[in-house]
Amino acid sequence: MSAISLVGAAKDFGLRSLFADLDLHVAERDRLGLIGPNGAGKSTLLRVLAGLEPLDRGERRCHARTRVVLLDQEPRLDPSLTVLEQVFAGDGEAMALLREYAGVSHQLATGAEDGQLLARLSALQHRMDGCQAWDLERRCREVLERLGIDADLQERTIGELSGGNRRRVALAAALVAEPEVLLLDEPTNHLDAEGVEWLQSYLDRFAGALVLVTHDRYLLDRVTRRIVAVERGEARPYEGNYGTYLGLKAAEEEAEASTAAKLKGTLRRELAWLRQGPKARSTKQKARLQRIDALLEAPSRQGRTSLAMAATARRIGKRAITAEGLAVAVGDRTLLRDFSYDFSPEDRVGIIGPNGVGKSSLLEVIAGRRPPSEGLLELGSTVKLAYFDQHSDVLLAKDGKRKVIEVVQEAASRVQVDGVELTASQLLERFLFPPAQQHQPVAKLSGGERRRLHLCRLLIEAPNVLLLDEPTNDLDVHTLGVLEEFLDDFRGCVVVVSHDRWFLDRTVDRLFHFEAGRLERFEGNYSSWLERRSGASAQAPAREAAKRSTPPAKGAAAGPRRRSFKEVRELEHLEAELPRLEQRRRDLEQHLATPSGPDFARLEELTHELAALVARIATAEERWLVLSELAA
């Protein structure tokens, strides 16, 4: 049974069709992911499903009693309400009582004692005892804390909060409402890694239907069971999670390319035949020849929207960035102290840690936007630095009324890319800005399109050191894939601050983790770091218990434990097995990247095998690390 249905739905945006003749059914316990390029209409489709945006044609069907909650990218909250009042804004008697209780409590906390307010508070407490409102309040506070809104912030008004905290409050309100249909538009924006992990487990347990738009591909892969790709006025469904979709899409594009190649071959043969003899000179036959020529020259369906991201090469010397005894402070608070590191020209470094610890502040110091409070920071003499910060709305503040093409022409009217000279217009086309859109004001772009324009504006200047602060925010998954490929080939130093687990795994090979005002170094990507941390957390209680229960014998020498005979054999087995597992993983990845045909069942089987193999390799590597650290 469908909770929401769209039948023959169509929505236009100016002269452009977002989707047309769309039939979409959201079942009662559906797990649906919407993907597509920025500006394709994903957010609009969510608002249509929520009943907040009218259709131009077609019909939306939803039972009047079905509760639908939408988390918008720019949620509208009441600035006069406290955080708790906003979170308690849902339906139901318990929510109404909690909302009133929070309002009365806030009045008493901010003013003098009032006998009537105290009496009202007492009466509310009595009523709340009878409808389990206290359990609901505890759950609401727990959700807020898990999303990074601590007890102090919970008593403040919405108007006092930062933009990131407001969005986390809106997410908490959407989750605790527990509707029949939950619509989430980029819920991981402004969440740290722990918050994303918690959200993933929460959505796994959510009892209603879920429709999700997110750039977090791990979340998309692990939570969804159906993908709808929104692009070029179409919405195409794919059964399975994101990993399955990738395999199906690759097979589909290969089949389309093969069909297009066969069609062009047929057309060329027909064209050669038609041009023979006197019939080719007739008016009717000439018109047919012209149509065939046009078909031969037309680009392929996927080629018209492929993003090609490349930058000119700029030489970089032996030294990129040197930090010695670096300290970063904001006001009276020291965020980082005594950090020393030489960033090499080939470095791929990720900086991770909870929100508010100083990651962005460190990038601002490296970028020269704020001075260090202590220590030395030097850039190499050949360094050309580009800083892709979180605030692409700077384009609105500075260039909102200017045309898209003018923003790029300001940096360069022409640029050499891969040995080919491109105009600003041609470069914008590579970044999926068609000629008609290039002459629109920047203010008319979506948030993701502004991010893409900001990236284009930076890369045209040919940097050799890239500082990326949450680069995945508001970018669609296709653009992220192209950006990752660009960074693979980028000849220079890359420093990334991100909570996107997939992006970190693809782009960095060294991490610095904020720990009590210091940066702890880790060799490896984010998944390796997470496994090491999880393993250490799980082993710590066991080690402490072992220490308490089996103290060392009197006179025993201190030192690391030696490997037993069985552990020696296990280590030898792992050292022989790991290369075989890695080779099988490479074989599977290559097979999925270049499928032989549209055998969707086989692709899904290989995708599941790859996922199981990756988990097996991670477990084996963790065990190898434990055994290898023991004394021989």
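Quick caveat, the model's predicted, so the values are computed rather than measured.

Cut-offs used in this document
- Residues numbered from 1 in each chain as written.
- Predicted model: local features only at pLDDT ≥ 70, side-chain atom pairs only at ≥ 80, totals over all residues.
- Heavy atoms only, no water.
- Phe/Tyr/Trp six-rings, centres within 6.5 Å; stacked < 30°, edge-to-face > 60°.
- Helix = DSSP H or I, 4+ residues; strand = E, 2+ residues; numbered from the N terminus.
- Buried < 20%, exposed > 50% of the residue type's maximum accessible area, 1.4 Å probe, protein only.
- Lys NZ or Arg CZ within 6 Å of the ring centre and 35° of its normal.
- Pairing = 2+ DSSP bridges.
- Axes fitted to C-alpha atoms, helices over the stretch in contact; angles between N-to-C directions.
- Contact = heavy atoms within 4.5 Å.
- Core = buried A, V, L, I, M, F, W, Y, C linked by side-chain atoms within 4.5 Å.
- Expected span 1.5 Å × (residues − 1).
- Arc of directions from axis to C-beta.
- Polar contact = N/O pair within 3.5 Å; in protein donor to acceptor, adjacent residues only side chain to side chain.

Here we come to the packing of aromatic side chains. Applying the stated rule across the entire model yields ten aromatic pairs. Geometrically, the ring pair formed by tyrosine 218 and tryptophan 502 is tilted, given 5.2 Å between the ring centres and 50° between the ring planes. Here tyrosine 218, found in helix 9 (residues 217-223), pairs with tryptophan 502, found in helix 19 (residues 501-507); they are 284 residues apart in sequence, far enough to count as distant. Like tryptophan 502, tyrosine 218 is buried. Ring geometry for phenylalanine 486 against phenylalanine 490: centres 5.7 Å apart, planes inclined by 40°, an arrangement best described as tilted. Exposure class is identical for phenylalanine 486 and phenylalanine 490. Each is buried. Three or more aromatic residues joined by ring pairs make a cluster, and in this case those are Tyr218, Tyr238, Tyr242, Tyr245 and Trp502. Above the ring of phenylalanine 433, the side-chain terminus of arginine 452 is found at 4.9 Å from the ring centroid.

Attention shifts here to the sheet that holds strand 10 (residues 321-330). Sheet architecture is open: three strands sit in the order 11-10-13, paired in antiparallel fashion. Each end of this open sheet is capped by a strand with a single partner; those strands are strand 11 (333-343) and strand 13 (374-379). Mean inter-strand twist for the sheet, computed between neighbouring axes without regard to direction, equals 25°. Of the pairings in the sheet, the one linking strand 10 to strand 11 comprises seven bridges and is antiparallel in character. Paired with alanine 329 across the bridge in strand 11 is threonine 334. Sheet strands in contact with helix 12 (residues 359-366) are strand 10, strand 11 and strand 13, and its direction is about 130° off that of strand 10.

Let's shift gears to the sheet that holds strand 18 (residues 493-497). Sheets are built from strands that pair by backbone hydrogen bonding, the pairs being arranged parallel or antiparallel. Taking strand neighbours across the sheet as the criterion, the six strands line up as 14-17-18-12-19-20 in an open arrangement whose pairing is mixed. In this open sheet, the two edge strands, each paired with only one partner strand, are strand 14 (385-388) and strand 20 (518-523). In this sheet, neighbouring strand axes are inclined to one another by 15° on average, regardless of whether the strands run parallel or antiparallel. With four bridges joining them, strand 12 (residues 348-352) and strand 18 adopt parallel strand pairing. Across the sheet, the residue bridging to valine 349 is valine 495, located in strand 18. In this fold helix 17 (residues 447-459) packs onto strand 14 and strand 17 (465-469), with an angle of close to 175° to the strand it touches most, strand 14.

Let us look at the pairing of strand 10. Within a regular beta strand, the side chains point alternately toward one face of the sheet and then the other, so they alternate between its two faces. Where strand 10 folds back onto strand 11 in an antiparallel hairpin, the turn is made up of two residues, including glycine 331, whose phi is positive at roughly 65°. Pairing of strand 10 with strand 13, which is carried by five bridges, proceeds in the antiparallel orientation. For glutamate 324, the partnering residue across the bridge sits in strand 13 and is leucine 376.

Turning next to the nonpolar core. By size, the foremost hydrophobic cluster in this structure holds 58 residues, and its most contacted members are Val87, Leu175 and Leu203. The dominant element in this core, judged by the number of residues it contributes, is helix 3 (residues 93-110), at eight residues. Of all hydrophobic cores here, the second largest spans 42 residues; its members include Ile352, Ala412, Ala424 and Leu455.

Taking 1.5 Å per residue as the helical rise, helix 4 (residues 115-129) with its 15 residues ought to reach 21 Å, and the 22 Å between its terminal C-alpha atoms agrees with that figure. Inspection of helix 4 places Leu117, Leu121, Leu124 and Met128 among the buried residues, and these make up the whole buried set. For helix 4, the angular spread of buried residues about the axis comes to 65°, placing them on one side. Turned more than 90 degrees away from the buried face of helix 4, the exposed residues are Gly115, Gln116, His126 and Asp129.

As a further point, take the environment of serine 80. Residue position: serine 80 is located in the loop between strand 5 (68-71) and helix 2 (83-87). Residue serine 80 is classed as exposed on the basis of its relative accessible area of 53%. Taking the C-alpha atoms as reference points, serine 80 and threonine 157, separated by 77 residues in sequence, lie 6.0 Å from one another. Here the side chain of serine 80 touches aspartate 78 through a polar contact of 2.7 Å, side chain to side chain.

That is the geometry; function is a separate question.
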